[in-house]
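Spelled out from the first residue to the last, the chains are:
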Amino acid sequence: MSLLTVTSVVPLTPRMTRMTFTGPGLAEIGTWPDQQLKLLFPQPGGSAHVSDAPDVGTWYQAYLAMPDDERPWMRSFTVRELADEVLTIDFVLHGANGPASRWASSAQVGDVIGRFGPSPDYARPLGEAELLVFAGDETALPAIASLLELLPAAQQRLVFVEVADPAEEQDVPGVRWVHRSAGEDLVSVVTAQDVPADVWVWLGGEASAVRALRRHFVGRGVSKKDIEFSGYWRRTLTQDDAPTADDLAEAQERIAALSE
Ligand SMILES: Cc1cc2nc3c(=O)[nH]c(=O)nc-3n(C[C@H](O)[C@H](O)[C@H](O)COP(=O)(O)OP(=O)(O)OC[C@H]3O[C@@H](n4cnc5c(N)ncnc54)[C@H](O)[C@@H]3O)c2cc1C
């Protein structure tokens, strides 16, 4: 576990803020697609630091052993870019009801949070197919945008990103933007597309939408091993809440897909 210090805060859209960070250990992180990490946000007046003294076992055991009112909140994020020891992360500002979003909406240069990862243990290669399909909401946009940057120009792709309204669009070429303000939703727009069965699919975003889309592609004959999927957040539940039966089923499916 390491600390990160904010070095810049730039609003990208009304609901998305980009921050850069410096901190120890960034130079040692390798490169692979879709790098995911845990960020630790301090409680009011508290610290993001978690002691990893050897007498408490692993870092995570030390984290769990902290008193409730001192333990920083831990949330998952995506490396938008890591270059020259500067880490860039894009934060969705979805309101004050979550500690990560709350922190991001008022963060300033010099603020300190914690970092765990990204770890190559979770690295998954980009799929290979004539056509790649990417679909997600704004929380998946950092991952989708960074994945698109890795693709050769000739690679055929279909890209769908659901956002609140046109003001949330970013300069990511080739995206079919899905606007909630226009009454659209990701599942309806993506399932209306005619897509062949021999595609590779990447899905991320709100968990029930991701599940519905995965079911759709499996139903269309896409092999489960060719669908990379992850529920990023859950309606009405925080990342601290226990997994639901659907979350557990999803985890099982992910494990099963890995061994296919
Ligand atoms: C692998 C992975 C990578 C991710 N990468 C990013 C990233 O790069 N940038 C990013 O912004 N997010 C990313 N997310 C999503 C982010 O972790 C969640 O949105 C998380 O819930 C935010 O934490 P919070 O403390 O703000 O809200 P929580 O405390 O987790 O939730 C509080 C409330 O907010 C609601 N909520 C949470 N997220 C949203 C949302 N996006 N829109 C509307 N309501 C919401 C919940 O339903 C809950 O009611 C990623 C998630 C995963 C699993």
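This write-up is about the structure you can find in this document.

Some remarks on the overall build of the chain
Right, on to step 1. A count of helical and extended segments in the chain gives six helices and twelve strands.
Right, on to step 2. Judged by the C-alpha coordinates and their principal axes, the chain covers about 55 × 40 × 35 Å.
Right, on to step 3. Within the chain, contacts between residues separated by at least 24 positions form 68% of all contacts whose residues are at least 6 apart in sequence.
Right, on to step 4. Put simply, the chain shows about 13100 Å² of open surface, and 52% of that area lies on carbon and sulfur atoms.
Right, on to step 5. If the 21 positive side-chain charges of the chain are averaged to one point and the 37 negative ones to another, these points end up 5 Å apart.

Topic: the site of the ligand
Right, on to step 1. The environment of the ligand is made up of 24 residues, and the closest members are Ser76, Val92, His94, Arg234 and Gln239.
Right, on to step 2. One of the backbone nitrogen or oxygen atoms of Ser101 is found 3.0 Å away from an oxygen atom of the ligand.
Right, on to step 3. Contacts to the ligand include Leu237, whose backbone N or O atom sits 3.4 Å from an oxygen atom.
Right, on to step 4. When the free accessible area of the ligand is taken as 920 Å², the share hidden by the protein chains comes to 91%.
Right, on to step 5. Where the shell around the ligand is concerned, the elements lending two or more residues are strand S4 (73–78), strand S6 (86–92), helix H2 (99–106) and strand S12 (227–233).

A short note on the sheet that holds S4
Right, on to step 1. An order of S4-S3-S7-S1-S2-S6-S5 is seen for the seven strands of this open sheet, with the pairing classed as antiparallel. Each edge of the open sheet carries a strand with a single partner, namely S4 and strand S5 (81–83). Neighbour to neighbour, the strand axes of the sheet diverge by 35° on average, direction disregarded.
Right, on to step 2. Across the sheet, H2 lies against strand S1 (2–13), strand S2 (16–22), strand S3 (36–41), S4, S6 and strand S7 (112–116), angled at about 70° from S4, the strand it touches most.

So, the sheet that holds strand S10 (residues 175–179)
Right, on to step 1. A sheet is described by the order of its strands in space; here five strands give the open sequence S10-S9-S8-S11-S12, paired in parallel fashion. Whereas interior strands pair on both sides, the edge strands pair on one side only; in this sheet they are S10 and S12. Sheet twist, expressed as the mean angle between neighbouring strand axes with direction ignored, is 10°.
Right, on to step 2. Sheet analysis places strand S8 (residues 131–137) next to strand S9 (residues 156–163), joined by seven bridges and oriented parallel. The residue bridging Gly136 from the neighbouring strand is Val161, located in S9.
Right, on to step 3. Lying over the sheet, helix H5 (residues 207–219) contacts S8, strand S11 (199–206) and S12, oriented at roughly 160° with respect to S11.

Topic: the packing of aromatic side chains
Right, on to step 1. Per the stated rule, a full pass over the model turns up twelve aromatic pairs.
Right, on to step 2. Note on Tyr60 and Tyr63: the rings are 5.9 Å apart at their centroids and 20° apart in plane angle, and the pair reads as stacked. One end of the pair, Tyr60, and the other, Tyr63, are both in helix H1 (residues 59–65), three residues apart, so they sit about a helical turn from each other.
Right, on to step 3. The class of Tyr60 is partly exposed, set by a relative accessible area of 41%.
Right, on to step 4. On the basis of relative accessibility, which here comes to 6%, the residue Tyr63 falls in the buried class.
Right, on to step 5. Seen in terms of ring centroids, Phe134 and Trp200 are 6.3 Å apart; in terms of plane orientation they differ by 70°. Their pairing is edge-to-face. Remark: Trp200 occurs in strand S11 and Phe134 occurs in strand S8; sequence separation between them is 66 residues. Taken individually, Phe134 and Trp200 each receive the classification buried, so the pair is uniform in this respect.

Examining a negative patch on the surface
Right, on to step 1. Taken together, the side chains of Glu28, Glu81, Asp84 and Glu85 present a region of like negative charge at the surface.
Right, on to step 2. Tracing the chain through its elements places Asp84 in the loop between S5 and S6.
Right, on to step 3. Using a relative accessible area of 75% as the deciding quantity, one classes Asp84 as exposed.

Regarding H2
Right, on to step 1. Within the span of H2, buried status applies to Pro99, Ala100, Ser101, Trp103 and Ala104.
Right, on to step 2. Elements that come into contact with the buried residues of H2 comprise S1, S2, S3, S4, S6 and S7.

A few points about the pattern of salt bridges
Right, on to step 1. Enumeration according to the criterion identifies 16 salt bridges in this entry.
Right, on to step 2. One salt bridge connects Glu149 with Arg80, and the closest N-O pair in it is separated by 2.7 Å. Of this pair, Glu149 sits in the loop between helix H3 (141–148) and S9 while Arg80 sits in the loop between S4 and S5, and the two are 69 residues apart along the sequence.
Right, on to step 3. Overall, the relative accessible area of 14% leaves Arg80 in the buried class.
Right, on to step 4. Across the pair Arg180 and Glu162 runs a salt bridge whose closest N-O atoms are separated by 2.8 Å. One end of the pair, Arg180, is in the loop between S10 and helix H4 (186–191); the other, Glu162, is in strand S9, with 18 residues separating them in the sequence.
Right, on to step 5. Exposure remark for Glu162: the relative accessible area of 11% places this residue in the buried category.
Right, on to step 6. One connected set of salt bridges, linked through shared partners, spans Arg211, Arg234, Asp246, Asp247 and Glu250.

Reading the values: the criteria
Residues numbered from 1 in each chain as written. Predicted model: local features only at pLDDT ≥ 70, side-chain atom pairs only at ≥ 80, totals over all residues. Heavy atoms only, no water. Helix = DSSP H or I, 4+ residues; strand = E, 2+ residues; numbered from the N terminus. Contact = heavy atoms within 4.5 Å. Areas by Shrake-Rupley, 256 points an atom, 1.4 Å probe, with all protein chains shown as cover. Lys, Arg positive; Asp, Glu negative; His and termini not counted. Charge placed at Lys NZ, Arg CZ, Asp CG, Glu CD. Near = heavy atom within 4 Å. Polar contact = N/O pair within 3.5 Å; in protein donor to acceptor, adjacent residues only side chain to side chain. Pairing = 2+ DSSP bridges. Axes fitted to C-alpha atoms, helices over the stretch in contact; angles between N-to-C directions. Phe/Tyr/Trp six-rings, centres within 6.5 Å; stacked < 30°, edge-to-face > 60°. Buried < 20%, exposed > 50% of the residue type's maximum accessible area, 1.4 Å probe, protein only. Patch = residues over 30% accessible without salt bridge, like charges linked within 9 Å, V, L, I, M, F, W, Y side chains within 5 Å. Salt bridge = Lys/Arg side-chain N within 4 Å of Asp/Glu carboxyl O.

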